[in-house]
Amino acid sequence: MNRGSTENGLRWIADAYSTSFTLTLSEGLSPDELLRRVGAEERHMVPLTRSAACELLLRDEADHISDLDFLDWEDERAVAQLTSAGFLPAPPDTIVRAGSVAGWAYALEEFHCRTGTYLSTLSERGRAFCVHRNAKGFSRVGYACHGDAVTSFEPDLPHLSNGAPAEVALGFVYHGDELGDVAFLRFLEGELGINLPWEETEAKLPAAAFTDAALGQRGPVYRW
């Protein structure tokens, strides 16, 4: 997928991750700090491209590692690093990849929503947002500020919220002319002025593997 600079806001994520995705934004953190706050150990963070993360997530444990296109399976050091970090031999439940843009750390997950469970922790230095769409098309937004969960809601039904109404907490009003999660990503573009290049998110980013993604399979879990 090739995208021009005019499309490098946030809305493109809903197209590029059309089956399922989680985007989390955390103000004032570095990528490594974000990963540590969702349970990663720094020694287990491995730089991975999106395609490499997908290969690791979708492989069968019985498959030989030589089937991984991104990995030189004879490179014992690289294989040992991925194994000790939990990416091999069994596929992890989720892989969280993190980067930074304009004073924010961001995290992307392909299928699950681990980061949504930690949204309050991720907001200790300011604001944190989580936008999740699962494989059934269900979407959910969460927002926390300075360590406190503020609201979570379905972006196409923002009046059905846990916590403050979306319009009160964020000024978000859904007009019904596009998918709810796309509408909220558009809203965040305008509110935060974030320009997240697609090419950057496809390249190598610090990544961590987790085997307890079931916490996030139905969308973010917010603590009140």
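Quantities reported herein were computed from a predicted structural model and do not represent experimental measurements. (Residues numbered from 1 in each chain as written. Predicted model: local features only at pLDDT ≥ 70, side-chain atom pairs only at ≥ 80, totals over all residues. Heavy atoms only, no water.)

1. A short note on a negative patch on the surface
Phase 1 of the analysis: A surface patch of like charges, here negative, comprises Asp60, Glu61, Asp63, Asp67 and Asp69.
Phase 2 of the analysis: Assessed through its relative accessible area of 44%, Asp60 is described here as partly exposed. (Patch = residues over 30% accessible without salt bridge, like charges linked within 9 Å, V, L, I, M, F, W, Y side chains within 5 Å. Areas by Shrake-Rupley, 256 points an atom, 1.4 Å probe, with all protein chains shown as cover. Salt bridge = Lys/Arg side-chain N within 4 Å of Asp/Glu carboxyl O. Lys, Arg positive; Asp, Glu negative; His and termini not counted. Charge placed at Lys NZ, Arg CZ, Asp CG, Glu CD. Buried < 20%, exposed > 50% of the residue type's maximum accessible area, 1.4 Å probe, protein only.)

2. Focus on the confidence of the model for the protein chain
Phase 1 of the analysis: The predicted model of the protein chain averages 91 in pLDDT, with 92% of residues at 70 or higher.
Phase 2 of the analysis: Low pLDDT, under 50, characterises residues 1–6; the stretch is placed with 11 contacts to residues that sit more than four places away or in other chains.
Phase 3 of the analysis: The low-confidence segment residues 213–224, where pLDDT is below 50, has 36 contacts with residues more than four positions distant or belonging to other chains. (pLDDT = per-residue confidence, 0-100. Contact = heavy atoms within 4.5 Å.)

3. Focus on unusual backbone geometry
Phase 1 of the analysis: Between Leu88 and Pro89 the backbone carries a cis peptide bond, its omega angle lying at 0°.
Phase 2 of the analysis: Within the element layout of this structure, Pro89 appears in the loop between α4 (76–84) and β3 (94–101).
Phase 3 of the analysis: Despite not being glycine, Ala102 shows a phi value in the positive range, around 50°.
Phase 4 of the analysis: Checked against the element boundaries, Ala102 lands in the loop between β3 and β4 (104–109).
Phase 5 of the analysis: Judged by relative accessible area, which is 62%, Ala102 ranks as exposed.
Phase 6 of the analysis: The residue His146 is not glycine, and still its phi comes out positive at about 50°. (Helix = DSSP H or I, 4+ residues; strand = E, 2+ residues; numbered from the N terminus.)

4. Quick word on the layout of surface pockets
Phase 1 of the analysis: Estimates place the volume of the largest pocket at around 230 Å³.
Phase 2 of the analysis: Around the largest pocket, the lining is made up of 13 residues, and of these Pro47, Leu48, Phe70, Leu71 and Lys204 lie nearest the centre.
Phase 3 of the analysis: Elements with a contribution of two residues or more to the lining of the largest pocket: β2 (46–48) and α4. (1 Å grid on protein atoms, 1.4 Å probe; cavity = no way out; pocket = protein on both sides within 12 Å on 5 of 7 lines; lining within 4 Å. Points joined across faces, edges and corners; volume = space filled by probe spheres on them.)

5. Focus on empty space enclosed by the protein
Phase 1 of the analysis: Counting across every chain of the model gives 1 cavity of 30 Å³ or more.
Phase 2 of the analysis: Within this model, the largest cavity holds a volume of roughly 60 Å³.
Phase 3 of the analysis: If you trace the largest cavity, you find it lined by Tyr17, Arg50, Ala53, Cys54, Ile95, Arg97, Leu108, Glu109 and Glu110.
Phase 4 of the analysis: When residues of the lining of the largest cavity are traced back to their parent elements, those giving at least two are α3 (50–58), β3 and β4.
Phase 5 of the analysis: By residue number, the principal contributor to the lining of the largest cavity is α3, which donates 3 residues.

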